[in-house]
Every structure is written in C-alpha cells, then in structure tokens.
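What the coordinates show
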Amino acid sequence: MTEEGQGQQLDVSRFLAALARRKKTIGAVALTMAGMALVLSLLQPTLYQGEAQISLDPPGETAVFEPVTAAARIDPTVLVETELEFLRSARVRTLVTDQLGPVPEVEATRVGDTLLIEVTSRSTEPERAATVTNAYVRTYLELRRQQAADDLLESGEVLRSKVAELQSQIDELDAAATTGQREALVEQQARFGERLDQLEIEAALQSGGGQVVSEATAPSAPVSPTPVRNVLLALVLGTMVGASLALVLEYRDDSIKTRDDLVDAIRPIPVLATIPVVMQWQKEPGRPHLVAGLQADAVRAGEAYRALRTAVSLLGIERPLTLLQLTSALPGDGKTTTVVNLAAVLASAGQRVVVVDCDLRRPSLHTAFQLGNEVGFTSVLAGEVELKEAIQSIRGDGELALLASGGLAPNPSELLGSKRTSEVLFALQSEFDMVLVDSPPVLSVTDAAVLSVWVDASLIVTSAGITTRNHLRSALEVFRQAGAPLSGAVLNRVELELGYGYYGQAYARSLASDQAEGSGSS
C-alpha cells in the first residue's frame, strides 16, 4: 500500500474512532429528534386525501370543423401550466365555496410529461375530502366549458352582425348594379353564415377542454400524520446532525483521547503504555485501584500494566533505572493507580519493589493496600523513626513494600527538596530493585519538579478525554525548566477503539477463562 493510501486509511480510522467516542452524543441527538418527530406527529390532526384526475384535450382538438388552427401550435407544457394555475385560482375556489361552504385550497399537479392533471384535497373526514376534490374538478371543467362557449358565441355575434350588414348592402343595390357585384356580396354572406352555423354547433359541443379520468372516492386510510416514516426520517437526520455535532466537538476538544494523540502531543518523548478503562473502577472515582478479578476489562488492564513493566525495563537498558517518579499534569489522571499496579507487576516478576508516597498534600497510596498512614516518609525525615521501621510490607515475602507519606507536613516542597529526602530515596534504592515514587501533579504544585532532580527518570500519566494538549505543554515546560526532562508517558482510561474492540475482548475473555481454569485446578 502506498503512503497516500495508508494516510487515507488512517484518516478514515480516526474519523470512525471519533464518531465511536461521541456515540452517546450522536445517539442523544438522534433519539431527541426522533422523539420530537413522534410527539409532533401525534399532535397533528388526522387528514384524509381525495384524489381525482383530469385529461386535457390536446391543443386544437376541441374545434369540430377546423381542428388545425393556431391553437395547435401551443406548447403542451404551457397549456398544462396555464390550466394548473386556473384550477388553483381564487375564482374556482370561490365557486366551490358557494357550493360546499369553506373549503381548503386544492393541490393540482401534472402527471409526468402527459396531459393528465392530478387534483387532491385534504380533510379530517374521508367523505369530505372526496366531495371537495370532485367539486373542484366539476367546477373547473364547467367554468372552462362556459368560457369557451361564451368566446364562441361572442365570435358568432360578430359574424351575425356582419351577415346582417352584408344583407343590407345587397338590399341597397339598385338596378344599375352588375350581376357580379351582387353575386360577390351574396357569396361572402354565405361564407359568414356557414361559419356562424359552425360556431353555434361548436359552442353546443364544448366540453371544457378536458374530461374526468377518475373521480375521487372516500379514502380508507389517512395520509397524515405518518409517525413511523417521520420517526425513521428523524432518526436518519438526527444521526447526520449528531455526527456533524460530534465532529465539531472533536475539533474543538483539545483533550488527549488516543495513543496517536499523545504521541503527537509529546513527541519525541515515548508513549510507554495505554491502559484501558476498567468499568468497575469508574464506580469509585477518587481512589486508587489494584487490578483484581477475572472480568475482561480487568484482564486487559493487567496485560497493559505488564506491557508498561516491559517498557520501563527497556528504558533502563542504556543506564540503570531503579528510582522512578510517576506524576501527572492535574489531579484525577490516575497516577496513583498506575503506581500501585506497576509495582504489583514488577514484584510478580521477582523484583523487590517499594512504593513511596511523596504526595504529602493528598496521600492515598496506603488506601490501595489497606494499610495505615500514621508513620511514613515525613516521620523518617523528621527523625521520629528509622527508615526500616517506617516501611510496611505488603507481601509476606517482602518483595513489595510501602513507605506511606506519614503525617501532613506544613512545607512539602521544602522537605522534598532537602538533602534528607535524597538520602532517604538513595537508601531505599540500595535496598530494593525498584523504587516507585508517587508525586503530586505537576501543574498543581512544584513538588514533582523538585523531586525530579533526585530520581533516575520521571513518567507522566495522562487520562484519555481529560488531559489536554495545553496541560501537557505546560507540564513539559515545568520539567524542562527543572532540567529533568520526562522519560516517558502513560495514557490511562483508554476506551476500546474500532478494530481492537472485538479481538481485544475475545483475547481478554480467553485469558480470563484460562486463569479461571488454572485457579480451579489448583
């Protein structure tokens, strides 16, 4: 596949992923519009429609004795449009109103390219709809017939006066008049008389220029409202509007939502792992969580944390990395949950790990392990206890331990920047294979920047849909000014993306099944 083709495929994938992330917005808009369409449909009165058809005579065919006239050259389209306007005119409606009382306006349309006119009228009563439609048709044809007859009779009056005038001229001829003069006048009078007779016959035979093809009958079903059709159309339109709104929101949304977003935002800093959202954790926000259970999303999260463990190990290839700080841009990004789960997977791989709670303002590490916080990091700094006495073992084998924050300190930044802090951290580094430091958010206080000078590397934890590019830029600037650039990033609470959802869930279910069988056999 060419680079252009790959770029187009990537754009389509991002487009679909954006729609998937905003599916609730799209669904809400579509359902709202469908609901409104249903309510409006139910509020509309029930209407029935009467339908009738008229066939117009071709131009020139109404003449009996001289069918080929100038009228035959009239464009059929012009003829039909003229008759449509006449049928819809106020004059016709007035005559129908005189017959039936107040009536609605009639609809008249041409049927294709033919000389057929379809006439429709609506009413809340089916019989009324048919009656009004037929009244319009009869009134139109009668009015047209009367107009044509009147025109012919008017022409006949002109001819009659001409015949009388010629007769007077003949009567006034004297004996001196030649025979030719008398015969010429008599012949002219005969022609006018013949034409007069023709006009009188045509006037009697006038049909109004058209015939009724089909009369309106009382309809058996209403034409309005149509709730099913209206709801379906509203759903389609609502989906289109919702998708457009979703794309606008995506465009205006500055938050990091996918791994690609994070890669673009912090380049060239590597993205070490993406942690999928665990629905059970969403029910208890504001506290750290440890992966447990065999639910599919928990299994996926466990695999993601093991991938993070591998990425952290690779960071230590070029230089030893045993003292690692994890922070975030703002509170609530899940840094503490990342710390405890990374510590757990490192310990499960045989490393001796200690987690240190250096978030002296809002300590929470101890709650994840259900341990106390009376003695901890601040107690050691104050000389109240020895370091070994402050460390709490999480596992009986001592491979995973906790140094809680201890009592609240009045000056956290000064304490963390002191030489005593470095001594404690270096002492832990000599006793354990990995020291994980949970520090406060970068943009809230300066504690993380202060601690960055003591650690081997710093990782920043971001939250999908919450952390923004602006937050990341500010956090990176803080570390740059501190002279301790970030070594990597983690994207937390990632929703399953298109393409990964089915296979990822199937794989997670397989893992969960294997683990369940293993625990059952033991």
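Structure first, text after, so check above.
Residues numbered from 1 in each chain as written. Predicted model: local features only at pLDDT ≥ 70, side-chain atom pairs only at ≥ 80, totals over all residues. Heavy atoms only, no water.

**Re the pattern of salt bridges**
Stated precisely, the cut-off is as follows: By salt bridge we mean one thing: a side-chain nitrogen of Lys or Arg within 4 Å of a carboxyl oxygen of Asp or Glu. Helix and strand assignments follow DSSP, with helices taken as H or I runs no shorter than four residues and strands as E runs no shorter than two, numbered in order from the N terminus. Whether a residue is buried, partly exposed or exposed follows from its accessible area with a 1.4 Å probe, protein chains only, as a fraction of its type maximum: under 20%, in between, or over 50%, in that order.
Scanning the model with the defined rule gives 11 salt bridges in all. Measuring nitrogen to oxygen at the nearest pair gives 2.8 Å for the salt bridge that ties Lys-335 to Asp-438. Taken together, the residues span a long stretch of sequence, with Lys-335 in helix α11 (residues 335-348) and Asp-438 in strand β10 (residues 434-438) at a distance of 103 residues. Across this residue pair, the class does not change: Lys-335 and Asp-438 are buried. A cluster of three or more residues bridged by salt bridges with shared partners is formed by Lys-335, Asp-359 and Asp-438.

**A word on helix α18 (residues 469-482)**
The condition that has to hold: Here, expected helix span is obtained from the residue count minus one, scaled by 1.5 Å. The reported arc concerns the directions from the helix axis to the C-beta atoms and nothing else. Residue contacts follow a heavy-atom distance rule, with two residues in contact if any of their heavy atoms lie within 4.5 Å.
Counted at 1.5 Å a residue, the expected span for α18 with its 14 residues is 20 Å, and the 20 Å between its end C-alpha atoms agrees. Looking only at α18, the buried set comprises Leu-472, Ala-475 and Phe-479. What you see down the axis of α18 is that its buried residues fit within an arc of 65°, all on one side. In this structure, α18 carries Arg-480 and Gln-481 as exposed residues pointing more than 90 degrees from its buried face. Those residues of α18 that are buried lie in contact with α8 (259-266), β6 (323-328), α17 (447-451) and β11 (457-463). Among the residues trailing α18, Gly-483 stands out with phi positive, at a value near 75°.

**Quick look at the nonpolar core**
Rules: In this description, a nonpolar core means a group of buried Ala, Val, Leu, Ile, Met, Phe, Trp, Tyr and Cys residues linked to one another through side-chain atoms lying within 4.5 Å.
Core analysis: the biggest nonpolar cluster contains 35 residues, and Val-312, Leu-324 and Leu-436 have the highest contact counts within it. Here this core gets 7 residues from one element, more than from any other, and that element is α11. Look past the residues within four positions of Val-312 in its chain and what remains in contact with it is Leu-272, Leu-321, Leu-324, Leu-342, Met-434 and Leu-459. By size, the runner-up hydrophobic cluster in this structure holds 24 residues, among which are Ile-117, Leu-141, Leu-143 and Ala-216.

**Notes on the pairing of strand β1 (residues 48-56)**
Selection rule: Any two strands between which DSSP finds at least two bridges are classified as paired.
With 7 of its 9 residues buried, β1 lies for the most part within the structure. Pairing between β1 and strand β3 (residues 116-123): 8 bridges, direction antiparallel. When the sheet's bridge partners are listed, Glu-51 is paired in β3 with Thr-120. Two strands pair when backbone bridges link them, and β1 and strand β4 (residues 210-214) are joined in this way by 4 bridges, in the antiparallel orientation. Counted as the bridge partner of Ser-55 is Gln-211 from β4.

**Regarding the sheet that holds strand β2 (residues 107-110)**
Using the following cut-off: Angles shown run from 0 to 180 degrees and are taken between the N-to-C directions of axes, each axis being a line fitted to C-alpha atoms and, for helices, limited to the stretch in contact.
Reading across from one edge, β2-β3-β1-β4 is the order of the 4 strands in this open sheet, with antiparallel pairing throughout. If you trace the sheet from one side to the other, it starts and ends with β2 and β4, each paired once. Across the sheet, the mean angle from the axis of one strand to that of its neighbour is 30°, orientation sign disregarded. When β2 meets β3, the two strands line up antiparallel, connected through 4 bridges. The partner of Thr-109 across the bridge, within β3, is Glu-118. In the packing of helix α3 (residues 76-87) onto the sheet, contacts are made with β1, β2 and β3, and the angle to β2 comes to roughly 175°.

**With respect to the pairing of strand β9 (residues 400-403)**
Of the two faces of β9, the one carrying Leu-400 and Leu-402 and the one carrying Ala-401 and Leu-403 are both buried. In the sheet, strand β7 (residues 353-357) pairs with β9 via 4 bridges, with the strands oriented parallel. Across the sheet, residue Val-354 finds its bridge partner in β9, namely Ala-401.

**Description of the sheet that holds strand β8 (residues 392-393)**
Strand order in this open sheet of 8 strands is β5-β12-β11-β6-β10-β7-β9-β8, and the pairing throughout is mixed. In the strand order of this sheet, the two ends are held by β5 (271-276) and β8, each with one partner. Bridge count between β5 and strand β12 (residues 488-494): 4 bridges; the pairing is parallel. The residue of β12 that forms the bridge with Ala-273 is Val-490. Here α8 sits on the sheet in contact with β5, β11 and β12, set at roughly 150° to β5. Relative to β5, helix α10 (residues 296-315) is tilted by about 170°, and along the sheet it contacts β5, β6, β10, β11 and β12.

**Thoughts on the packing of α10 against α11**
The relative placement of two packed helices is expressed as an angle between their axes plus a distance between the axes. So the rule is basically this: Orientation categories follow fixed angle ranges, with anything under 35 degrees roughly parallel, anything over 145 roughly antiparallel, 65 to 115 roughly perpendicular, and all other angles oblique.
The contact between α10 and α11 brings their axes to 9 Å, and the two run at 75°. If you check the angle between α10 and α11, you find them roughly perpendicular. For the pair α10 and α11, the contacting residues are Tyr-305, Arg-306, Leu-308, Arg-309 and Val-312 in the first and Thr-337, Thr-338, Asn-341, Leu-342, Val-345, Leu-346 and Ser-348 in the second.

**Quick notes on the packing of aromatic side chains**
Aromatic ring pairs are defined here through the distance separating the ring centres and the angle between the ring planes. As a reminder of what qualifies: Any pair of Phe, Tyr and Trp rings, taking the six-membered ring for Trp, is counted once the centres come within 6.5 Å. Such a pair is stacked with planes under 30 degrees apart, edge-to-face with planes over 60 apart, and tilted for the rest. A positively charged side chain is recorded as over a ring if its NZ (Lys) or CZ (Arg) lies within 6 Å of the ring centre. The angle to the ring normal must also be within 35 degrees.
Taken as a whole and assessed by the stated rule, the structure comprises 1 aromatic pair. Over the ring of Phe-86 we find Arg-144, and its NZ or CZ is 3.9 Å from the ring centre. Between Arg-352 and the ring centre of Phe-432, over which it is positioned, the NZ or CZ distance is 4.7 Å.

**Looking at the side chain of Ser-379**
With respect to the element layout, Ser-379 can be found in helix α13 (residues 377-381). Beyond its immediate stretch of four places on either side in the chain, Ser-379 contacts Glu-374, Glu-384 and Val-385.

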